[in-house]
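Breakdown of the fold
Spelled out, the chains give:
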Amino acid sequence: MLLASIFDKQIWFLLPLLVTVSLVYGATRHELMQPILHHAYRSGVWMVSFMLTVFLILWALAWLVG
Amino acid sequence: MSEPNRPPEGELQVELRNPVLAALLAWLWPGAGHIYQGRHGKGALFMVCIMSTFLFGLWLGEGRTVYASNRTIARKLVYACQLGVGLPAMPALVQAGRDPRDPLWGGIMAPPIEEGGIDELSELNRTYGARYDMGVLYTMVAGLLNVLAIFDAYGGPLVPAPEEQKKRKPRDDTPGEPAASDGPPRSDETAANEAENRPDSSPTERS
C-alpha cells in the first residue's frame, strides 16, 4: 500500500533530479566527459542506494510499530 | 586571481581565462562562463542540466514557483537559492517591484497576492498540489547546482586529493585513473595531459 502510493505519485520527480545532480556534481570533479559520466553514474547509484536504505529502515520501523 | 590558474603539478592545468569574468558569466547564464573559457562540453552540460531543471520546475507551477518576496525569511531564502541561476530568475525582481494586481508577462514569476483577504499562495498550493512544491524544489536545486558550476568556472574542477585517490580501490578508478599502486596518483586530468599530445586534442585539454 505504502509502496503503491509512493510509486504512484511524487517518486517519479526524483529521477530527473537524480540525473541532473549526478551529472553536475560529476562535472565539478572532472574536466573530461568520460570521467564525468562515470562519476555521475557512481554518484547516482550511491544516492539511490542511500535513499533505498533509509526507506527500508523506515518501512521496517513502520511495519514493526503498525 | 592567479591561484585558480595554477593547480598542483601533475594535474591538468585547465585554462581558466579570466576566472572572475567567467564566474560572473556562469552566474548570469548557466554554462556561459565555461563556454567563454573554451570549455564547451562542460558548458553545454551545465546549461542543459541546470536550465532544464529550472524550466521544468517553473513549468510545474506554471510560472508561479519563482517569485521574489520580502514577507518572510524563508521566502527570501527560497528566492536566494533560485537566484543562483542568474538572469532566468531575474524577471521575479521586476515583478516584485510592480503592483501584484497588475503583473507583466501573464503573471509569470509574479509574487502571490496576499492582502485584502486574498491568499493566492494557498490557492496555488490547492490548484497544483504537490506539483507546486516540486516546482519550487526543482528551481531551488537548479540555482544551487549553478553555484557549483560558478565555482568550477572560477577555480576549475575539484580534483580528488592524492590521499583520497590512494584510499580508492582499483575497481573504483575511472578510465584514465589507474590504481594508486600502479604508480603516482593520476586523474582524468592526467589523461587530458596525454590527450594534449594527440593531434585531435581540443584546446580545453591543454596543460
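**A look at the overall build of chain B**
- Counting its secondary structure elements, chain B contains 9 helices and 0 strands.
- The helix and strand sequence of chain B, counted from the amino end, reads α-α-α-α-α-α-α-α-α.
- When the 207 residues of chain B are sorted by exposure, 44% land in the buried category.
- Of the contacts made within chain B by residues no fewer than 6 positions apart, 55% connect residues no fewer than 24 positions apart.
- With an accessible surface of roughly 10,600 Å², chain B has 60% of that area assigned to carbon and sulfur atoms.

**Quick notes on the side chain of Glu-31 of chain A**
- With respect to the helices and strands, Glu-31 of chain A occurs in the loop between helix 2 (14–27) and helix 3 (33–65).
- Only 3.3 Å separates the side chain of Glu-31 of chain A from the side chain of Lys-42 of chain B, close enough to count as a polar contact.

**Observations regarding the environment of Leu-52 of chain A**
Residues and elements named next belong to chain A.
- Tracing the chain through its elements places Leu-52 in helix 3.
- Taking the relative accessible area as the measure of exposure, Leu-52 reaches 47% and is therefore partly exposed.
- Distance in space between the C-alpha atoms of Leu-52 and Arg-29 is 25 Å, their sequence separation being 23 residues.

**A closer look at unusual backbone geometry**
Residues and elements named next belong to chain B.
- Even without being glycine, Glu-62 reaches a positive phi, approximately 50 degrees.
- Checked against the element boundaries, Glu-62 lands in the loop between helix 3 (40–60) and helix 4 (73–82).
- Its relative accessible area of 53% is what places Glu-62 among the exposed residues.
- A positive phi angle, near 65 degrees, is found at Met-109, a position not held by glycine.
- Within the secondary structure, Met-109 sits in the loop between helix 5 (91–96) and helix 6 (120–128).

**Regarding the packing of helix 3 of chain B against helix 7 (residues 130–155) of chain B**
Residue and element names in this part refer to chain B.
- At their nearest, the axes of helix 3 and helix 7 sit 7 Å apart, and the two run at 160 degrees to each other. The angle between helix 3 and helix 7 falls in the class roughly antiparallel. Crossing angle aside, the handedness with which helix 3 passes helix 7 is left-handed. Residues Lys-42, Phe-46, Ile-50, Thr-53, Phe-54, Phe-56, Gly-57, Leu-58, Trp-59 and Leu-60 of helix 3 pack against Arg-131, Met-134, Gly-135, Tyr-138, Thr-139, Ala-142, Leu-145, Asn-146, Ala-149 and Asp-152 of helix 7.
- Looking at the contact of helix 3 with helix 7, its residues break down into 12 nonpolar, 5 polar and 3 charged.

**A short note on the pattern of salt bridges**
All names here are of chain B.
- Under the criterion given, the structure shown has 6 salt bridges over all chains.
- Between Asp-152 and Lys-42 there is a salt bridge, and its shortest N-O distance comes to 2.9 Å. One end of the pair, Asp-152, is in helix 7; the other, Lys-42, is in helix 3, with 110 residues separating them in the sequence.
- Of the residues examined, Asp-152 reaches a relative accessible area of 2% and is grouped as buried.
- Arg-126 is the partner of Glu-123 in a salt bridge, and the nearest nitrogen-oxygen pair spans 2.9 Å. You can see Glu-123 and its partner Arg-126 sitting in helix 6, 3 residues apart, about one turn around the helix.

**Let's talk about the packing of aromatic side chains**
- Overall, the coordinates contain 5 aromatic pairs over all chains when judged by the stated rule.
- Between Trp-46 of chain A and Phe-50 of chain A, the aromatic rings sit 5.4 Å apart at their centres with planes inclined by 5 degrees, giving stacked as the arrangement. Linking Trp-46 of chain A with Phe-50 of chain A, this pair stays in helix 3, spanning 4 residues, or about one helical turn.
- With a centroid separation of 5.8 Å and 25 degrees between ring planes, the pair formed by Phe-56 of chain B and Trp-59 of chain B is classed as stacked. Within this pair, Phe-56 of chain B and its partner Trp-59 of chain B are both found in helix 3, separated by 3 residues, close to a single helical turn.
- Among the residues examined, Phe-56 of chain B registers a relative accessible area of 28% and is labelled partly exposed.
- Relative accessible area serves as the criterion here: at 53%, Trp-59 of chain B is assigned to the exposed category.
- Three or more aromatic residues joined by ring pairs form one cluster here, namely Phe-13 of chain A together with Phe-56, Trp-59 and Tyr-138 of chain B.
- Over the ring of Tyr-36 of chain B we find Arg-17 of chain B, and its NZ or CZ is 4.3 Å from the ring centre.

What counts and what doesn't
Residues numbered from 1 in each chain as written. Chains lettered and ligands numbered in written order. Predicted model: local features only at pLDDT ≥ 70, side-chain atom pairs only at ≥ 80, totals over all residues. Heavy atoms only, no water. Helix = DSSP H or I, 4+ residues; strand = E, 2+ residues; numbered from the N terminus. Buried < 20%, exposed > 50% of the residue type's maximum accessible area, 1.4 Å probe, protein only. Contact = heavy atoms within 4.5 Å. Areas by Shrake-Rupley, 256 points an atom, 1.4 Å probe, with all protein chains shown as cover. Polar contact = N/O pair within 3.5 Å; in protein donor to acceptor, adjacent residues only side chain to side chain. Axes fitted to C-alpha atoms, helices over the stretch in contact; angles between N-to-C directions. Parallel < 35°, antiparallel > 145°, perpendicular 65-115°, else oblique. Left-handed = near helix turned anticlockwise from the far one by under 90°. Nonpolar A, V, L, I, M, F, W, Y, C, P; charged D, E, K, R; others polar. Salt bridge = Lys/Arg side-chain N within 4 Å of Asp/Glu carboxyl O. Phe/Tyr/Trp six-rings, centres within 6.5 Å; stacked < 30°, edge-to-face > 60°. Lys NZ or Arg CZ within 6 Å of the ring centre and 35° of its normal.

All quantities given are derived from atomic positions and should not be read as evidence of function.
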